[in-house]
Amino acid sequence: MFRIRITPRWELGRRDGAAAEGGVPAEADTTALIALLAAIAETGAIAEAARVQGLSYRSAWGRIKQAEALFGQPLLVAGRGRGSTLTPLAEKLIWADKRIAARLSPLLQSLASELEGELERTLPVPPRALRLHASHGFAVAALLEQLQAASLGVELRYRNSFESVAALSHGECELAGFHVPIGEFEAAAAQRYAPWLRNEKHRLVHLAVRTQGLFAAPGNPRRISSVADLRRPDLRFVNRPAGSGTRLLTELLLARHGIAPREVAGFDNAEFTHAAVAAFIASGMADVGLGVQTAAQRFGLHFIPLLRERYFLAFNAADERRPDLQALLSLMQSPTYRAAVAALPGYEAGRTGEVCGVREAGLAA
């Protein structure tokens, strides 16, 4: 019934709090400015960018000039007959905005979903929405979008894979999202989930198969080729948080190559999502990280594939006939959702929506 949307918003200001030359305010909301700069980067012309943004040419120029006065340096380089290009400062503003969105949007989306549930529980007869706890992923985000479009209520909370399956075991949610590598690390990962998943109690639904690999800067200037390179002292690594499935995968990969975590520069630096890792590297703050191919492509990074993994949603077998869960499963099995998953770079949807037992999936203790 209720729909809450929370988006990141940030401002830039002068440390001294003084107005810039010409009376320009000492602070600026970046939302409109960055949208205009991104449009200029895409179209190559202020006039066309202004049209896309619904602004007059004069208003667009005024917005740029006001920001330039605040920064004290140009944001655009105008060439004769060649349109306009962004300066390094303008490009960095766009990347800053992308990094903020990558780090905060999943957390804010999760908070919005929790607040929706709290508001609805104040109703005389509160609806019993499915509670989904899951590690963040692009197929999960696509599922949430389609559930909302179909007016199917789900209360989402982004947590790491191990927290999610533990929450299901403790009755804190009805659905738990987690991922397991395919191949040599599968048994080790399955053993980590074994304390919470029981074949006689739980069922699994395939969400997707996705490719994990190393992220590097565009063009791979540091010539990164494998996990063995993480031992190099000239490489700055960015990790995922402790307890996440990707962190476990990182530790397993390092062990296979005989690399101790202390040998990896930046091992303790962590970002919450794959997209946040990609944004961190794209902004030049790290050289390499581990994540899914979709995130690498969205940030224009070089991607070195390492392995594939299965992403599941687990639920209690006793809930399988619940009408709302059946509606969710039907949506996951629909051609529309499968097409959305298949369209994600590095994702496969061949088994999306299939339901199986824990033992059948090879995850039983």
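Scroll up a little and you will see the structure.
In this numbering scheme, every chain counts its residues from 1 along its sequence in written order. Owing to the predicted nature of the model, reporting of local features is limited to residues with pLDDT of at least 70; listing and counting of side-chain atom pairs is limited to 80 or more, with chain, interface and lining totals taken over all residues. Hydrogen atoms and water are omitted, and side-chain values are computed over all heavy atoms in the structure.

**Side note on the packing of helix 5 (residues 138–149) against helix 12 (residues 335–342)**
For every element, the axis is a line fit to its C-alpha atoms; helices are fit only across the contacting stretch, and the angle between N-to-C directions ranges from 0 to 180 degrees. Every helix listed is a DSSP run of H or I at least four residues long, and every strand listed is a run of E at least two residues long, numbered separately from the N terminus. Their axes nearest at 10 Å, the elements helix 5 and helix 12 cross at an angle of 150°. Comparing the axis directions of helix 5 and helix 12 gives the class roughly antiparallel. The interaxial crossing formed by helix 5 with helix 12 has right-handed handedness. Residues Ala 139, Ala 142, Leu 143 and Gln 146 of helix 5 pack against Thr 336, Tyr 337, Ala 340 and Val 341 of helix 12. Angles are sorted into four bins: roughly parallel if under 35 degrees, roughly antiparallel if over 145, roughly perpendicular if 65 to 115, and oblique for all others. In this scheme the handedness of a crossing depends on how the near helix is turned from the far one: anticlockwise by less than a right angle means left-handed, clockwise means right-handed. When checking whether two residues touch, look at their non-hydrogen atoms; a contact exists if any pair is within 4.5 Å.

**Let's talk about the pattern of salt bridges**
Salt bridge, as applied in this entry: a Lys or Arg side-chain nitrogen positioned within 4 Å of an Asp or Glu carboxyl oxygen. Overall, the coordinates contain 20 salt bridges when judged by the stated rule. When the shortest N-O distance is used, the salt bridge between Glu 163 and Arg 159 registers 4.0 Å. When accessible area is computed with a 1.4 Å probe and restricted to protein chains, residues below 20% of their type maximum are described as buried, those above 50% as exposed, and intermediate ones as partly exposed. Residue Glu 163 is classed as partly exposed on the basis of its relative accessible area, which comes to 38%. The exposure class assigned to Arg 159 is buried, which follows from its relative accessible area of 16%. The partner of Glu 354 in a salt bridge is Arg 351, with the nearest N and O atoms 3.1 Å apart. With relative accessibility at 31%, the residue Glu 354 sits in the partly exposed group.

**A closer look at the nonpolar core**
Within the largest apolar cluster, 48 residues are counted, with the highest numbers of intra-cluster contacts made by Leu 207, Phe 215, Leu 313 and Tyr 337. Looking at this core element by element, the count peaks at 8 residues for helix 5. In terms of nonpolar packing, the next biggest core, distinct from the first, is built from 39 residues, Phe 178, Ala 190, Leu 197 and Leu 253 among them. Only buried Ala, Val, Leu, Ile, Met, Phe, Trp, Tyr and Cys residues count toward a nonpolar core, and they belong to the same one when joined by side-chain atoms within 4.5 Å.

**Points about the side chain of Arg 247**
As for its position among the elements, Arg 247 is in helix 8 (residues 245–256). Accessibility expressed as a relative area gives 10% for Arg 247, which makes it buried. Excluding its chain neighbours within four sequence positions, the residues that come into contact with Arg 247 are Asn 239, Arg 240, Pro 241, Ala 242, Phe 267 and Asp 268.

**Focus: the pairing of strand 5 (residues 130–134)**
On a regular strand, each side chain points to the face opposite its neighbour's, so the side chains alternate between the two faces of the sheet. In terms of burial, strand 5 is largely enclosed, as 4 of its 5 residues are buried. Read as a crossover between parallel neighbours, the route from strand 5 over helix 5 to strand 6 (residues 154–158) is right-handed. Sheet topology note: the strand 5/strand 7 (residues 175–181) ladder contains 3 bridges and is parallel. Bridging from a neighbouring strand, Leu 132 pairs with Leu 175 of strand 7. For a crossover, the right-handed case is the one in which the path from the first strand over the helix to the second runs clockwise, viewed with the strands pointing away from the viewer. Paired strands are those between which DSSP finds at least two bridges.

**A look at helix 5**
Compared with an ideal rise of 1.5 Å per residue, which puts 12 residues at 16 Å, helix 5 spans 17 Å between its outermost C-alpha atoms and is within 8% of the ideal. Looking at helix 5, one finds that the buried residues are Phe 138, Ala 139, Val 140, Ala 141, Ala 142, Leu 143, Leu 144, Gln 146 and Leu 147. Residue count minus one, scaled by 1.5 Å, sets the expected span of a helix.

**Notes on the packing of aromatic side chains**
We call Phe, Tyr and Trp rings a pair once their centres come within 6.5 Å, taking the six-membered ring for Trp, and we label the pair stacked below 30 degrees between planes, edge-to-face above 60, and tilted otherwise. One pass over the full model with this rule turns up 5 aromatic pairs. Arranged with centres 4.8 Å apart and planes meeting at 50°, the rings of Phe 178 and Tyr 193 form a pair that is tilted. Of the two residues, Phe 178 is situated in strand 7 and Tyr 193 in helix 7 (residues 186–193); the sequence distance between them amounts to 15 residues. The class for Tyr 193 is buried, based on a relative accessible area of 2%. Geometrically, the ring pair formed by Phe 215 and Phe 303 is tilted, given 6.2 Å between the ring centres and 50° between the ring planes. With a gap of 88 residues between them, Phe 215 in strand 8 (residues 202–216) and Phe 303 in strand 11 (residues 302–316) connect regions that are remote in the sequence. With relative accessibility at 0%, the residue Phe 215 sits in the buried group.

**Thoughts on the packing of helix 1 (residues 30–43) against helix 2 (residues 46–53)**
At a minimum axis separation of 8 Å, helix 1 and helix 2 run at an interaxial angle of 125°. Of the possible angle classes, the one that applies to helix 1 and helix 2 is oblique. As helix 1 packs across helix 2, the resulting crossing turns out to be right-handed. Note on element contacts: helix 2 touches helix 1 through Ile 46, Glu 48, Ala 49, Ala 50, Val 52 and Gln 53, opposite Ala 35, Leu 36, Ala 39, Ile 40 and Thr 43. Each residue gets one of three labels, nonpolar for Ala, Val, Leu, Ile, Met, Phe, Trp, Tyr, Cys and Pro, charged for Asp, Glu, Lys and Arg, and polar for the others, Gly among them. A per-class count over the contact of helix 1 with helix 2 returns 8 nonpolar, 2 polar and 1 charged.

**Remarks on the state of the cysteines**
Throughout, a disulfide means two cysteine sulfur atoms within 2.5 Å of one another. Taken as a whole and assessed by the stated rule, the structure comprises 0 disulfides. No disulfide involves Cys 173; its sulfur sits 18 Å from the nearest other cysteine sulfur, which is in Cys 356.

**Considerations on the environment of Arg 223**
Take Arg 223: it is sitting in the loop between strand 8 and strand 9 (237–238). The residues touching Arg 223, leaving out its near neighbours within four places in the chain, are Asp 229 and Arg 232.

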